[in-house]
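Observations on chain architecture
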Amino acid sequence: MFTDAHVWEGTARRLTAAGAQVRAVTLAGPGRPRAGDGPEPDAGAHAEAEADLETHIEEVCAAIDAVTGAPGGTGGTGIVLVGHDYGVHPVLGAADRRAERVARIVCVDAGLPQDGVPPLAAVPDQSVRALPAEEAAAGTTAGVLPPPGREEWTRWGSTAGVSEEALDRLTARAAPQPLGTLLRPLRLSGAAAAVPTTGVLCTANGVGIDMVQRLVDLGDPALRALTGPGVTFFELPTGHWPMLSCPEDLAGVLLRAAAGEGHRLTPPGASGTPAHLHPFPLPVPELPRERRGNVDFYFPRPGGTKGIEGAERAERVDGPRPAVVFVHGGPVPAGAEPSPRDWPVLAGHARYAAGQGAVGVTVEHRLHDVADYPRAAGDVAAAVDLVRADPRVDGDRIALWFFSGGGPLLADWLAKPPAWLRCLAAAYPVLAPLPNWGMSADSRFHPVRALADAGHAPPPLVLLRVGLESPEIAATVSGFLAAAGEREAEVRVVDVPHGHHGGGPGDPEEEWRGAVREAVRAVLDRLDA
């Protein structure tokens, strides 16, 4: 979006030097160079504000025909179509119409679009995704989206690795994007599904191969195609514009992709137990589950829980019990099976807490996309009200525990902590929006800023941290701890030095057992204080 062929210059030079033929296509839009202007734009480039997705698909088809001949001709079949960000939509649309001419599709830091879904759904900037629904439904081509200013590019992706000079040029050359290119649904016949595909993931933008594998393991049907034999992946340790930040590395990856190289994902369950279904590391009592809507309760057994860690705590508590509410991470695909509240890690934590005398509660919320945080926050707040209203729960002694991508939901409770909230806990959390989420700088779901800006002392905090966290998530945790230090907040950090995000079969069990035991004990101590 907003760019023309100039962004590919550095990568194109290196590909050409390696013996490849290269054509960079400038897609139609106001302010884009016409044929003969700039760095050899494709002859189909023109400048209409009313251009839509179909216009751009036709332009990519024309570029293919210019190299291989008209459809039905005898031209070659060695075309590798490379789409970055929005560009993957016209690339996939053209591949669907010229499938016999395309050897491979390469998606550079972009998802694989689905039939009937407009490009707007993939835009990270959530203020843009909030365009009027009726306008999107009508597929209007009226108007343009202004290009970002120099300091606004991060709302579209991480600028990690992009030099100041390159960022200046990107801004100076940026042009408005016709709204019709975002609002018209992509229509696919299915022909492109047979074309081999490679994804190039820019890890500084928030997604790596391991994260994609975890999403596949969650069972999202839309992602099963990513485990096909013709699908490969590469990672680049850079931001969202690798053609500007590391053109030589990108050129090398594109040549390897054209040769069919790359990492291949495994279908769900094919390589053992997925991380989210790995057994809970501690012994837990077999307690009945009481399900009410999206909330599951696990109550301590009357008279204690002999033989279970913490039984002495359970036996000495009479009357209403304190509660620990466990909130899963995400985004999790809608309809994932098993659902999060049936994951061993979530139910295990709740049962373990109940074995030590508290009421263990799990909440299932509707965080299916990064745009769903407001809805998920409402789900959690309603669940907490339900828990506090139960006569078996001491409504003045509540702890909330968030996992992974549920971490941003901490922000509301840090900004306005109620008196009954005795503790906030988080396990391997994301504590600030990641670069590819497209959230504005003043996003409500930013725990680091919520902690720094709060006009009061936050509740006691317990943080379970893994030593082998991804750098992007680890940076949010470091920022949070720095803000906590400035506020002189009470924070208990429990480390799993050799643990990965979410744990898994290869992690050291003893480290996890000790860390979970210590973190739960720390939370319960604060409920008893």
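Thresholds applied
- Residues numbered from 1 in each chain as written.
- Predicted model: local features only at pLDDT ≥ 70, side-chain atom pairs only at ≥ 80, totals over all residues.
- Heavy atoms only, no water.
- Helix = DSSP H or I, 4+ residues; strand = E, 2+ residues; numbered from the N terminus.
- Expected span 1.5 Å × (residues − 1).
- Buried < 20%, exposed > 50% of the residue type's maximum accessible area, 1.4 Å probe, protein only.
- Arc of directions from axis to C-beta.
- Contact = heavy atoms within 4.5 Å.
- Core = buried A, V, L, I, M, F, W, Y, C linked by side-chain atoms within 4.5 Å.
- Salt bridge = Lys/Arg side-chain N within 4 Å of Asp/Glu carboxyl O.
- Polar contact = N/O pair within 3.5 Å; in protein donor to acceptor, adjacent residues only side chain to side chain.

Focus: helix H16 (residues 471-487)
Its 17 residues place the ends of H16 24 Å apart at the C-alpha level, agreeing with the 24 Å of an ideal helix rising 1.5 Å per residue. For H16, the complete set of buried residues consists of Glu472, Ile473, Thr476, Val477, Phe480, Ala483 and Ala484. End-on view of H16: buried residues confined to an arc of 145°, all on one side of the axis. Away from the buried face of H16 by more than 90 degrees, exposed residues Pro471 and Glu486 are located. Where the residues of H16 are buried, they touch helix H14 (410-415), helix H15 (447-453), strand S13 (461-468) and strand S14 (491-500). Just downstream of H16, Glu488 is the residue with a positive phi angle, here 55°.

With respect to the nonpolar core
Counting 54 residues, the largest nonpolar core has Met1, Leu81, Ile105, Leu145, Trp156 and Leu182 as the members making the most contacts within it. Those elements that provide at least two residues to this core are helix H2 (53-68), strand S1 (79-84), helix H3 (88-97), strand S2 (102-108), helix H6 (164-173), helix H7 (180-183), strand S6 (231-236) and helix H10 (247-258). Core analysis: the second largest hydrophobic core is formed by 49 residues, Ala323, Leu409, Trp413 and Val448 among them.

With respect to the pattern of salt bridges
Under the defined criterion, the tally for this structure stands at 33 salt bridges. A salt bridge links Asp528 to Arg397; the nearest nitrogen and oxygen atoms lie 3.5 Å apart. In this pair, Asp528 is assigned in helix H17 (residues 509-528) and Arg397 in strand S11 (residues 393-403), connecting sequence segments 131 residues apart. Connected through salt bridges with shared partners, the residues Arg289, Arg291, Asp296, Arg341, Asp342 and Glu364 form a single ionic network.

Observations regarding the environment of Arg526
Counting through the fold element by element, Arg526 comes out in helix H17. Residue class for Arg526 comes out buried when judged on its relative accessible area of 16%. Residues Arg526 and Leu424, spaced 102 residues apart in sequence, show a C-alpha to C-alpha distance of 9.7 Å. If near-sequence neighbours (up to four positions away) are discounted, Arg526 is found in contact with Arg422, Cys423, Pro460, Val462, Glu490 and Arg492. Within the structure, Arg526 has its side chain in polar contact with the side chain of Glu490 (distance 3.1 Å).

By themselves, these are just geometric observations and shouldn't be taken as functional.
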